[in-house]
Amino acid sequence: MHSFEHPHIEQDNSEDRFTEYSKFIENNYSKNELANQHIIETALDGFEVLERRNKNNELIGLLTYTIGSDNKKQNYCALGVIVIEEDGRGDGLSDELFAEIKSIANAAHCTHISAKAETSSGKSFLERIGFEETTDPVNHQEYYRFDLE
C-alpha cells in the first residue's frame, strides 16, 4: 500500500494543473487500447479530479468524477477515468481512490455510482470491486453500476 503525504481532492482548475492532468492521462492510459483517443481528449471535460501524489509531490494516480441527478431527482456519481502510473499498478491505489469516491458519493446523498469501461482492464477493475453491468432504461446504453447503501 502506498503512503501519501497529501491525499486530497484537488479542485484547482488552473491551466498548469489541467496541463499536468492531461499529460498524465495521455502518458499512462492503457497503451494497448488507445483506439479510443476521445477518452484521453475528453477525460477532464466537466469532471472533478481526485488525485494522489507521492512524497515528492509527483502525480501518481487520478480519478475523474461528477455528481449529477437523474430524471427522478436522485443524485448519482459518474466516474470518468481512473488512471494510475504504470509503476504503481497493482499496489491498491485504484482501490484507495474508489474508497474515497464512495465516501464523496455518500456525502452527496448519491444512490449509486455509474461508470463505463472502455478498456479490458477497466472492466476487470469495475467487476472486481462490485460493479454490475446493466442497461439504462431510458437510453438503452450499457454501463456499470455500483449501488450505495
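Residues numbered from 1 in each chain as written. Predicted model: local features only at pLDDT ≥ 70, side-chain atom pairs only at ≥ 80, totals over all residues. Heavy atoms only, no water.

**Section: the packing of aromatic side chains**
In this description, an aromatic ring pair is defined by two values, namely the gap between the centres and the angle between the planes.
Stage number 1. For the structure shown, the criterion picks out three aromatic pairs.
Stage number 2. A ring pair is formed by phenylalanine 98 and phenylalanine 131, whose centres lie 5.5 Å apart and whose planes are at 55°; its orientation type is tilted. In this pair, phenylalanine 98 is assigned in helix α3 (residues 93-107) and phenylalanine 131 in the loop between α4 (120-128) and β6 (132-135), connecting sequence segments 33 residues apart.
Stage number 3. Assessed through its relative accessible area of 4%, phenylalanine 98 is described here as buried.
Stage number 4. Judged by relative accessible area, phenylalanine 131 falls into the buried class, the value being 4%.
Stage number 5. Cluster of aromatic residues (ring-pair linked, three or more members): Phe98, Phe131 and Phe146. (Phe/Tyr/Trp six-rings, centres within 6.5 Å; stacked < 30°, edge-to-face > 60°. Helix = DSSP H or I, 4+ residues; strand = E, 2+ residues; numbered from the N terminus. Buried < 20%, exposed > 50% of the residue type's maximum accessible area, 1.4 Å probe, protein only.)

**A word on the nonpolar core**
Stage number 1. By size, the foremost hydrophobic cluster in this structure holds 25 residues, and its most contacted members are Tyr65, Cys77, Leu79, Phe98, Ile101, Ile113 and Phe131.
Stage number 2. Looking at this core, the element that brings in the most residues is α3, giving six residues. (Core = buried A, V, L, I, M, F, W, Y, C linked by side-chain atoms within 4.5 Å.)

**Topic: the side chain of threonine 119**
Stage number 1. Considering the arrangement of structural elements, one finds threonine 119 in the loop between β5 (110-115) and α4.
Stage number 2. Look at threonine 119 and you get buried, because its relative accessible area is 8%.
Stage number 3. Of the polar contacts made by the side chain of threonine 119, one reaches the backbone nitrogen of glycine 122; its length is 2.9 Å. (Polar contact = N/O pair within 3.5 Å; in protein donor to acceptor, adjacent residues only side chain to side chain.)

**Brief notes about the pattern of salt bridges**
Stage number 1. A full pass over the atoms with the stated rule returns eight salt bridges.
Stage number 2. Measuring nitrogen to oxygen at the nearest pair gives 3.3 Å for the salt bridge that ties arginine 52 to glutamate 96. One end of the pair, arginine 52, is in strand β2 (residues 48-53); the other, glutamate 96, is in helix α3, and 44 residues separate them in sequence.
Stage number 3. Residue classification places arginine 52 among the buried residues on the basis of a relative accessible area of 2%.
Stage number 4. When the shortest N-O distance is used, the salt bridge between glutamate 100 and arginine 52 registers 2.4 Å. With glutamate 100 in helix α3 and arginine 52 in strand β2, this pair connects stretches of sequence that are 48 residues apart.
Stage number 5. Salt bridges sharing partners connect three or more residues here, namely Arg17, Glu20, Glu51 and Arg53. (Salt bridge = Lys/Arg side-chain N within 4 Å of Asp/Glu carboxyl O.)

**Overview of the confidence of the model for the chain**
Stage number 1. Residues with a pLDDT of 70 or more make up 85% of the chain, whose mean pLDDT is 83.
Stage number 2. Within the chain, no element has a lower average pLDDT than strand β1 (residues 8-10), which sits at 42, and none a higher one than β5, at 96.
Stage number 3. Low pLDDT, under 50, characterises residues 1-11; the predicted model gives this stretch 28 contacts beyond four residues in sequence or across chains. (pLDDT = per-residue confidence, 0-100. Contact = heavy atoms within 4.5 Å.)

**Observations concerning unusual backbone geometry**
Stage number 1. Non-glycine residue lysine 73 carries a positive phi angle of around 65°.
Stage number 2. Residue classification places lysine 73 among the exposed positions, given a relative accessible area of 73%.
Stage number 3. Even without a glycine there, the phi angle at histidine 140 is positive, about 60°.
Stage number 4. Within the secondary structure, histidine 140 sits in the loop between β6 and β7 (142-147).

**What to know about the pairing of strand β3 (residues 59-69)**
Taken residue by residue, a regular strand's side chains alternate between the two faces of the sheet.
Stage number 1. In terms of burial, β3 is a largely internal element, eight of the 11 residues being buried.
Stage number 2. Alignment of β2 against β3, held across six bridges, turns out to be antiparallel. Bridged to leucine 50 within β3 is leucine 63.
Stage number 3. Between β2 and β3, which follow one another and run antiparallel, lie five residues, and asparagine 57 among them has a positive phi close to 65°.
Stage number 4. Linking β3 back to strand β4 (residues 75-84) in an antiparallel pair, the connection comprises five residues, with lysine 73 at a positive phi of about 65°. (Pairing = 2+ DSSP bridges.)

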